[in-house]
Amino acid sequence: MTHQSPWQFIIEQQEKLLTQVTQHLGLTFLSLLLAIIVGVPLGIIIARKRTLSNPVLGIAGILQTIPSIALLGFMIPAFGIGAKPAIIALLIYALLPIIRNTYTGITGVEPAVIEAAKAMGMNRRQLLFKVELPLAMPVIIAGIRTAAVINVGVATLASFVAAGGLGEFIFGGISLNNTNMILAGAIPAALLAILLDQAISVIQKLKYGWFQQLKYIIPVILIMAGIGYALNSPSKNRIKAGFTPEFMGRQDGDLGLRSVYGLDVKPLVVNDAIMYKAAYEKKLDLISGYSTDGRIKAFDLYVLNDDQKIFPPYFAAPVIKTKTLEKFPELKETLNLLAGKLNDSIMTDLNYKSDYLNQTPEKIARDFLVQNNLYKNPGKGNSGTIRIGSKIFGEQYILAEMYSMLIKGYTDYKVETKTGLGGTKICFDALMNDAIDVYPEYTGTGLLVLLKPTAETIKNVTQSADKTYTYVNSEFQKQYGIQWLQPLGFNNAYALMMRRKQAEELNIKSISDLKRYFDEKN
């Protein structure tokens, strides 16, 4: 397979990249202009009534410290998914430097200058617009400059709520172990931040008279940014689809839907943490998902029949370096205690307890091990430390806890868990770099994301789950010195799903039915 350079990837994806850059700029400009409209008056108010300065700046500071992912998560119940929660979150992040610099700039005007203006008979309005704001403008613009750079960076997280932007490439690249895709998102984002910073620095040097024209320019920029974002947002179908970044780039995902079914649903890119609930709340109609996910049962979703078999079944199994097994001789037998103990329905039920009943992974894992007579009280842990990793979804947390309890109970090893490491690339790199010793993985992901064989090889080895497992295990040992231990027993494949009621109303039972529906509507 020919290695593709980052530049070749950018040229190949230039149309999509241009769309993402336009969306990114739209989100940044809209949120920044709204932050100016809110922040500058607030700064003026607290400069006039200084007893309000500490509470207002304190609240803005607290909002600034909320992790961006958490802030977006808080926005979803109130504003749904799409541009609205992203713009509001970006506005909140931009407020502190604008409010603070407006306050600092106005309060920093020399008292003698203020007294001279008053002696000339200026009222408060004239004093503000003819003296204080002109003198404070360089400081205010510095705050806007800081806010702009912050927003360009934070806007990459807008893809988390299906708002588009360069985050689609960045998170897709992380999920797919594709460095070119990561760079295609990260480099333009960095360049945008630098260009915007330099553009505002030029404005900062202009005379105050020029800023009086902004009352005409700002509405025009706002309208243009809104139109640009709207034109480059995913088109609206009667069925609105949302797929994860990883699904978008996999052959057993959106690529397969296009090549095998000829189906292009023009999906939003959305994080799987919010995808299922978005479908349930009718923000999305069609989503990519996982066949054993407990939220299918929780939200009464209907899994469409994959009648052309682009989603072959894949085994889940722990992956671990051969040298680690040699260093810890009791580990292989202990980890294999779970082999064959989890079928599809059991794993779905365990995921349901986590995703919908909000039981902790520790409780779910312990209850399962106790039920299957596998639980033992932990030992002292005096014979070395095993580090268990996991990806960032419920099933992985549960499996990591099961392995942790088994190791503690059946060996004298100590266990450290490093859960929520993100996507496949982060977990695999952590394993390769000895940051972790073992984590649960899926043979399909190992095949398509990590090994990336030829199309002919993929066709040959995906005829059965056993054949896929054998091939992946063999190639991992040859290429990486990593073994796949015995499969856990359940198949976790991708699936397309809709709300059951909607699927019944539209008489959509399979992906081919979905294709016919789109053909009729276009």
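See the structure printed just above.
Just so it is clear, the model here is predicted, and its values are computed rather than measured. (Residues numbered from 1 in each chain as written. Predicted model: local features only at pLDDT ≥ 70, side-chain atom pairs only at ≥ 80, totals over all residues. Heavy atoms only, no water.)

1. Let's talk about the overall build of the protein
Counted only if it meets this: In DSSP terms, a helix is any run of H or I states spanning at least four residues, a strand is any run of E spanning at least two, and both are numbered starting from the N terminus. The buried label applies to any residue whose accessible area, calculated with a 1.4 Å probe on protein chains only, is under 20% of its type's maximum; exposed applies above 50%, and partly exposed to all values in between. In this description, contact between two residues means that some pair of their heavy atoms is separated by no more than 4.5 Å. Charge assignment in this entry is limited to Lys and Arg as positive and Asp and Glu as negative, and neither His nor the chain termini are counted. Charge coordinates come from a single atom per side chain, which is NZ of Lys, CZ of Arg, CG of Asp or CD of Glu.
Across its full length, the protein carries 26 helices and 10 strands. Along the first, second and third principal axes, the C-alpha atoms of the protein reach 90 × 65 × 45 Å. Split into buried and exposed, the 522 residues of the protein put 52% on the buried side. Here the contacts in the protein between residues at least 6 apart in sequence split such that 79% fall between residues at least 24 apart. Looking at charge distribution, the protein has the averaged site of its 53 positive side-chain charges lying 9 Å from that of its 42 negative ones.

2. Points about the pairing of strand β6 (residues 385-389)
Put simply, the rule is: Paired strands are those between which DSSP finds at least two bridges. Handedness is read with the strands pointing away from the viewer; a crossover is right-handed when the path from the first strand over the helix to the second is clockwise.
Two elements, β6 and strand β7 (residues 414-418), share five bridges in a ladder whose sense is parallel. Across the sheet, residue Ile388 finds its bridge partner in β7, namely Thr417. Each parallel crossover has a hand, and the one from β6 via helix α20 (residues 394-410) to β7 is right-handed.

3. A few points about the side chain of Glu401
What counts, and what does not: What makes a salt bridge here is a side-chain nitrogen of Lys or Arg within 4 Å of a carboxyl oxygen of Asp or Glu, nothing more.
With respect to the helices and strands, Glu401 occurs in helix α20. Here Glu401 is buried and forms no salt bridge, its nearest opposite-charge partner Lys408 lying at an N-O distance of 6.2 Å. Each residue touching Glu401, except ones within four places of it in the same chain, is listed here: Pro361, Glu362 and Ala365.

4. Some points on the sheet that holds strand β1 (residues 241-243)
The mixed open sheet is built from five strands, whose spatial order is β2-β1-β3-β10-β4. The open sheet has two free edges, formed respectively by β2 (268-269) and β4 (301-303), since each of these has just one partner strand. With two bridges joining them, β1 and β2 adopt parallel strand pairing. Across the sheet, Gly242 pairs through a bridge with Leu268, a residue of β2.

5. Notes on the nonpolar core
Quick reminder of the rule: Throughout this description, the term nonpolar core refers to a set of buried Ala, Val, Leu, Ile, Met, Phe, Trp, Tyr and Cys residues connected via side-chain atoms within 4.5 Å.
If you look at the biggest cluster of nonpolar residues, it comprises 64 residues, and the most contacted ones within it are Ile98, Ile144, Tyr439 and Phe476. For this core, the leading source of residues is helix α7 (residues 124-154), giving 10 residues. Here Phe476 is in contact with Phe428, Gly446, Leu450, Leu451, Gly481, Ile482 and Trp484, once residues within four sequence places are set aside. Core analysis: the second largest hydrophobic core is formed by 60 residues, Ala89, Val265, Tyr494 and Met497 among them.

6. Topic: helix α24 (residues 465-480)
Each turn of an α-helix holds 3.6 residues, which means side chains three or four residues apart point in the same direction. Quick reminder of the rule: Expected span of a helix: the number of residues minus one, times 1.5 Å.
The terminal C-alpha atoms of α24, which comprises 16 residues, lie 21 Å apart, in line with the 22 Å expected from a rise of 1.5 Å per residue. Tucked inside the fold, the buried residues of α24 contact α21 (424-432), α22 (443-451), α23 (455-461) and β9 (482-484).

7. Thoughts on the packing of aromatic side chains
What counts, and what does not: Note on aromatic pairs: the rings of Phe, Tyr and Trp (six-membered ring only in Trp) are paired at centre separations within 6.5 Å, and the planes decide the class, stacked below 30 degrees, edge-to-face beyond 60, tilted for the rest. Charge-over-ring placement is defined geometrically: NZ (Lys) or CZ (Arg) within 6 Å of the ring centre, and within 35 degrees of the ring normal.
Under the criterion given, the structure shown has 17 aromatic pairs. On the basis of an interplanar angle of 65° and a centroid distance of 5.7 Å, the ring pair of Phe9 and Phe169 is categorised as edge-to-face. Within this pair, whereas Phe9 is found in helix α1 (residues 6-12), its partner Phe169 is found in helix α8 (residues 167-176), the two being separated by 160 residues in sequence. In this structure, Phe9 and Phe169 share a single accessibility class: buried. Among the aromatic residues, ring-to-ring pairing joins Phe243, Phe247, Tyr290, Phe311, Phe393, Tyr442 and Tyr494 into one connected group. Sitting above the plane of the Tyr352 ring, Lys297 keeps its charged end 4.3 Å from the centroid.

8. Side note on the packing of helix α2 (residues 14-48) against helix α5 (residues 83-107)
Cut-off, in case you're wondering: Working convention: axes come from line fits to C-alpha atoms, limited for helices to the stretch in contact. Angles between N-to-C directions cover 0 to 180 degrees. Less than a right angle of anticlockwise turn of the near helix away from the far helix marks a crossing as left-handed, whereas a clockwise turn marks it as right-handed.
Where α2 meets α5, the closest approach of the two axes is 6 Å, and the angle between their N-to-C directions is 35°. With respect to the hand of their crossing, α2 and α5 are arranged in right-handed fashion.

9. A word on the side chain of Arg499
Along the chain, Arg499 turns up in strand β10 (residues 494-499). Ignoring any residue separated from it by four or fewer positions in sequence, one finds Arg499 in contact with Ala279, Tyr280, Lys282, Leu284, Asp285, Asp300, Leu301 and Tyr302.

10. Notes on unusual backbone geometry
We note that Asp300 has phi near 55°; this positive angle belongs to a residue other than glycine. Structurally, Asp300 can be placed in the loop between α15 (294-298) and β4. Residue Asp300 is classed as partly exposed on the basis of its relative accessible area of 43%. Phi is positive for Asp434, which is not a glycine, with a value near 65°.

11. Description of the environment of Ile511
Residue position: Ile511 is located in helix α26 (residues 511-521). Given a relative accessible area of 0%, Ile511 falls into the buried group. Each C-alpha atom, one on Ile511 and one on Tyr261, is 7.8 Å from the other, the two residues being 250 residues apart in sequence. Once residues within four sequence positions are removed from consideration, Ile511 is found in contact with Leu257, Tyr261, Leu263, Leu304, Asn305, Asp306, Asp307, Phe311 and Leu496.

On their own, these measurements won't tell you what the molecule is for.
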